[in-house]
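# Understanding the architecture of this molecule
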Amino acid sequence: MIKKQTVLYLLLVALFKQMSAQQITLIDESNLQPIENVMIFDESHNVMVLTNSKGNASIHEFSNDATIIISHPSYEIRQFLKSELGGGPVIYLKEKVIKLSEVVISHNRWEQRQSDIASKVSIITAKTVALQNPQTAADLIGNSNEVFIQKSQMGGGSPMIRGFATNRVLIAVDGVRMNNAIFRSGNLQNIISIDPYTIQETEILFGPGSVIYGSDAIGGVISFSTLKPSFSDSSTAILNGQIASRVSSANNEFTTHFNIDLGFQKWAFLSSFTQSNYNDLLMGSYGPDDYLRNEYVQQINGVDTVVPNKNPKLQVPTGFSQTYFMQKIRFKPNQYWEANYSFLYSTTSNYSRYDRHIRYKNGLPRSAEWYYGPQNWMMNNLNLTSSIATTFYDEINIRLSHQLFEESRYDRGFKDSIKYERIENVSAYAINFDFRKQFTGQMQMYYGAEWVFNKVNSEGTDINILSKTQTPGPARYPLSNWSSYAAYATFEWILSDNLKLNSGMRYNYFALNATFDDTFYSFPFSEANLKKGAVTGSLGAIYNPNESMWLSAIVSTGFRTPNVDDIGKIFDPEPETVIVPNPELESEYAYNAELSYTQIISDFFKFDATVYYTVLDNAMVRRDFQFNGADSIVYEGQMSKVVALQNAAQASIYGVQGGLNIKIPGGIGIKSRINYQKGREEMDDGTISALRHAAPLFGSTHITYATSRLNLAFYALYNAQISYDNLPVDEQGKDYLYAKDRDGNPYVPSWFTLNAKVLYQMNPILSISFGIENITDQRYRPYSSGITAAGRNFIASVKAQF
């Protein structure tokens, strides 16, 4: 006689087999990876399930005669009869070439459909990054060809968006603003502190984003979202991971990366590590000889000596190394609450500021040494979310963050015995409360509050390289605190099936306190105190008469309040010039209007275009100044003209951004993007100059081929010329950066490169990629950059994931 326990066991086994047979797995056909959050439903929408992080979903709740529809915004829709899906099949989905709308978060910190937003937002996906294989986060952004990247050295990358850059563009990582109180108007390199291997998705919000992000979000917002740990949907833990390595020839790069993701039902953990090493960068063979590095400074027997460069195409010194680490912990005690903690850390070796090494005076180099010390960045970020609806909100997101920044500079003049060391540390704290409330089916509100506090410490040391003695020197910044208090609200109205409205407003209160040390300079003031408020807003409309056309318009304002770098810095931006503090600065404001149009024809053609016009009022710009009644002072051993940031100008910029995407049968696609901007700035004497951060016309055209497991791209990148007469006045004096025209004046030559990339998924675990950048080995230097771009560059990468 069979025991009851045995019968029960056999019944459970049979039930388990039946349930397993009614489970399907959805896989991306190009990279063989599971697809999460795919919606599976029947024709009447009575039953709906989502796939988990493994791409799995159970279909046992569907009736046996049901037609099952499989849908995801990024993939082509498929449908089956349930009877066709017996045995737990694997279903491969093909990614859409033409996407109607994607989900974005950067617009108001909550998920929204791209077609519900009046502002222009571009998305860079992890699949795009895998094909392009960028070395740094700056290269990742530049590869979009919607943002122009300036580089003063290889360890850098300063984004330019719609004629604005540096502290007029905001960078956010997992919702936390990276911009701090010493973000300067000169070119920045903080973006390279973000590991491209850990970036899940990047969103670029064009135009003012101050309603959500506050100060600095004038030209736009670059929002990086990093990898998140995955939960298990059963009592069995899941383990995922990735090991990758990349080499490239132009700078002899060698990068290794690994991450591991361990998930349980309520806890999940993710760890990531990346190490990159780069040697000096090799420029191309065909282009202006002005860019060649014919000689460099080397110490021989303790004496600065100019030595010939055996390979003038090798840019000495530009090499450096970088290390990234990330740890994330995710906890979900129930269906309503979730906590996410992340720790991000990045550090570099010393790296030379190359553009300072190519400046000359009286036929000799100005600098024997000019390098940045290790750029260290650390972020702690705790994020709590709740979906327990109340009278005041449906969902709440609380974010507490702390960041530490350390930057240092070392410079020594040619045959000078004194090396100047300047070290800066910033501690940045922030608390954000973000709420979402659905009032009716037609109206939704997003609102919140923010507190930000930055503490700046700066010190200077003068080092005698002969006697090895050190003496205190003037610090770059005063001892300072910078704080921000803000509240905001944005609204969405659905006025009809075809018309939606977006609106928002923010009030910001700022306080800055700085104490100046008069040990080295007799300042006419001992401290600076700034307390100001700012109001910004936006109003936009989206009209879509059908699913294939969108027309949107928006007017918006942005602002930037003076920070510690603006008010308190002492620094030489160019030879024989010194910036001094100006505690009388006030905020600058941007007023923007733009119109966007998107047209899709079936699933094979997409066209989009945006036109915009922005005015920057009360702009903070460098102007001649006096320090204690003198227009020149001695700074680091030489007489220098005094300048300071002042609210002394108005600037305007207009432009067009456009794109074309065509799908051709057989897996072939054509994509092209173009960006044109024209900026004007009022000078001190009333004349008009081109705007410094308005890049030349630039764009790209891609021919792609995608099939199961294989992705190919052949593409051209191109930039237009800027003549000497059209260069900004400030740039006309930087002849060491630019090529020379027939009259011997600096200008920016036009250039283009041809490039090819291939990504092949050998099996679900192993993928390989190859690329050739700058196939024709062009020698070119992007506008305003101090370093010449890489010549012909061979890239190879291998990745194993489990």
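Computed from a predicted model, the values in this text were never measured in an experiment. (Residues numbered from 1 in each chain as written. Predicted model: local features only at pLDDT ≥ 70, side-chain atom pairs only at ≥ 80, totals over all residues. Heavy atoms only, no water.)

### Some points on the overall build of the protein chain
Assigned secondary structure in the protein chain consists of seven helices and 53 strands. Against the 2.2 N^0.38 benchmark of 28 Å for 802 residues, the protein chain shows a C-alpha radius of gyration of 28 Å, consistent with a compact globule. Dimensions of the protein chain along its principal axes, counting C-alpha atoms only, are 105 × 60 × 55 Å. Going through the 802 residues of the protein chain one by one, you find that 56% of them count as buried. Within the protein chain, contacts between residues at least 6 apart in sequence are counted, and of these 66% link residues at least 24 apart. Summing over all exposed atoms, the protein chain offers an accessible surface of approximately 33300 Å²; the carbon and sulfur share of this is 57%. With 68 positive and 76 negative side-chain charges, the protein chain shows a spacing of 5 Å between the two charge centroids. (Helix = DSSP H or I, 4+ residues; strand = E, 2+ residues; numbered from the N terminus. Rg over C-alpha atoms; globule rule 2.2 N^0.38 Å. Buried < 20%, exposed > 50% of the residue type's maximum accessible area, 1.4 Å probe, protein only. Contact = heavy atoms within 4.5 Å. Areas by Shrake-Rupley, 256 points an atom, 1.4 Å probe, with all protein chains shown as cover. Lys, Arg positive; Asp, Glu negative; His and termini not counted. Charge placed at Lys NZ, Arg CZ, Asp CG, Glu CD.)

### Considering the sheet that holds strand β6 (residues 75–81)
The four strands lie next to each other as β3-β2-β5-β6, forming an open sheet whose pairing is antiparallel. Each edge of the sheet is formed by a strand with only one pairing partner; in this case those strands are β3 (48–50) and β6. Taken over all neighbouring pairs, the strand axes of this sheet differ in orientation by 20° on average, direction set aside. Pairing of strand β2 (residues 39–42) with β3 involves three bridges; the strand directions are antiparallel. (Pairing = 2+ DSSP bridges. Axes fitted to C-alpha atoms, helices over the stretch in contact; angles between N-to-C directions.)

### Focus on the environment of Gln189
Of note, Gln189 is situated in the loop between β15 (176–177) and β16 (199–206). Gln189 sits 151 residues away from Asn340 along the chain, and the two C-alpha atoms are 28 Å apart. When residues no more than four places from it in sequence are discounted, the contact partners of Gln189 are Gln153, Gly155, Gly156, Gly157, Arg184, Tyr351, Tyr372 and Gln375.

### So, the pairing of strand β39 (residues 549–560)
Taken together, the seven bridges between strand β38 (residues 527–546) and β39 define a ladder with antiparallel strand orientation. What sits directly across from Gly540, in β39, is Ile554. In this antiparallel pair of consecutive strands, β38 and β39, the connection spans two residues. Pairing of β39 with strand β41 (residues 588–601), which is carried by twelve bridges, proceeds in the antiparallel orientation. Directly across from Leu551, in β41, lies its bridge partner Tyr597.

### Examining the confidence of the model for the protein chain
Low pLDDT means the predicted coordinates in that region are not meant to be read closely. Residues at a pLDDT of 70 or more form 96% of the protein chain, whose mean pLDDT is 92. Note on residues 12–20: pLDDT is under 50 here. Beyond four places in sequence and across chains, it has two contacts. (pLDDT = per-residue confidence, 0-100.)

### What about the pattern of salt bridges?
Tallied over the full model, the rule gives 37 salt bridges. Put simply, Arg109, Arg399, Asp434, Glu450 and Arg506 are held in one network by salt bridges that share partners. (Salt bridge = Lys/Arg side-chain N within 4 Å of Asp/Glu carboxyl O.)

### Quick word on the sheet that holds β15
With mixed pairing, the five strands of this open sheet are ordered in space as β10-β16-β17-β14-β15. Each edge of the open sheet is held by one strand with a lone partner, namely β10 (121–125) and β15. Pairing geometry for strand β14 (residues 169–173) and strand β17 (residues 220–226), over five bridges, is parallel. Counted as the bridge partner of Val169 is Gly220 from β17.

### Comments concerning the packing of aromatic side chains
Considering all chains together, one arrives at 23 aromatic pairs under this definition. Ring geometry for Tyr351 against Tyr372: centres 5.3 Å apart, planes inclined by 35°, an arrangement best described as tilted. Placement of Tyr351 in strand β27 (residues 351–352) and of Tyr372 in strand β30 (residues 367–372) is noted, with a sequence separation of 21 residues between them. Looking at Tyr351, the relative accessible area reads 2%, which means it is buried. Among the residues examined, Tyr372 registers a relative accessible area of 4% and is labelled buried. (Phe/Tyr/Trp six-rings, centres within 6.5 Å; stacked < 30°, edge-to-face > 60°.)

### Some thoughts on a nonpolar patch on the surface
Taken together, the side chains of Tyr543, Leu551, Leu595, Val611, Tyr613, Tyr654, Val656, Ile674, Tyr676 and Leu697 present a nonpolar region at the surface, about 800 Å² in accessible area. Elements with a minimum of two residues in the nonpolar patch: β42 (605–624), β44 (638–664) and β45 (668–682). Its location among the elements puts Leu595 in strand β41. (Patch = residues over 30% accessible without salt bridge, like charges linked within 9 Å, V, L, I, M, F, W, Y side chains within 5 Å.)

### Concerning the nonpolar core
Among the nonpolar cores identified, the biggest contains 63 residues, and Ile141, Met178, Ile191, Ile194 and Phe224 are the most heavily contacted of them. Counting 23 residues, the second-largest nonpolar core is a separate cluster that includes Met160, Ala165, Leu737 and Tyr783. (Core = buried A, V, L, I, M, F, W, Y, C linked by side-chain atoms within 4.5 Å.)

### Considerations on empty space enclosed by the protein
Applying the stated criterion across every chain yields a total of 14 cavities of 30 Å³ or more. By volume, the largest cavity is sized at about 870 Å³. For the largest cavity, the lining is made up of 44 residues, of which Asp139, Asn143, Lys151, Tyr780 and Ala789 are closest to its centre. At the level of elements, α3 (137–142), β11 (148–150), β47 (698–707), β48 (710–719), β51 (751–761) and β53 (793–801) are the ones that each hand at least two residues to the lining of the largest cavity. It is β48 that provides the largest number of residues to the lining of the largest cavity, a total of four residues. Its residues assigned to classes, the lining of the largest cavity comprises 21 nonpolar, 20 polar and three charged. (1 Å grid on protein atoms, 1.4 Å probe; cavity = no way out; pocket = protein on both sides within 12 Å on 5 of 7 lines; lining within 4 Å. Points joined across faces, edges and corners; volume = space filled by probe spheres on them. Nonpolar A, V, L, I, M, F, W, Y, C, P; charged D, E, K, R; others polar.)

### Some details on unusual backbone geometry
Of note, the amide linkage connecting Val316 to Pro317 takes the cis form, showing an omega dihedral of -5°. Tracing the backbone shows Pro317 in the loop between β24 (314–315) and β25 (320–331). Of note, Leu32 is a non-glycine position whose phi angle comes to about 60°, a positive value. Residue placement: Leu32 occurs in the loop between β1 (23–28) and β2. Leu32 gets classed as buried once you look at its relative accessible area, which sits at 7%. Of note in this structure, Asn133 is not a glycine but carries a positive phi near 55°. Tracing the backbone through its elements, the reader meets Asn133 in the loop between α2 (126–132) and α3.

### Some thoughts on the environment of Leu131
Relative to the helices and strands, Leu131 is located in helix α2. Look at Leu131 and you get buried, because its relative accessible area is 16%. Between the C-alpha atoms of Leu131 and Leu759, which are 628 residues apart in sequence, the distance is 5.8 Å. Setting aside residues no more than four positions away along its own chain, Leu131 makes contact with Asn711, Ala713, Lys757, Val758 and Leu759.

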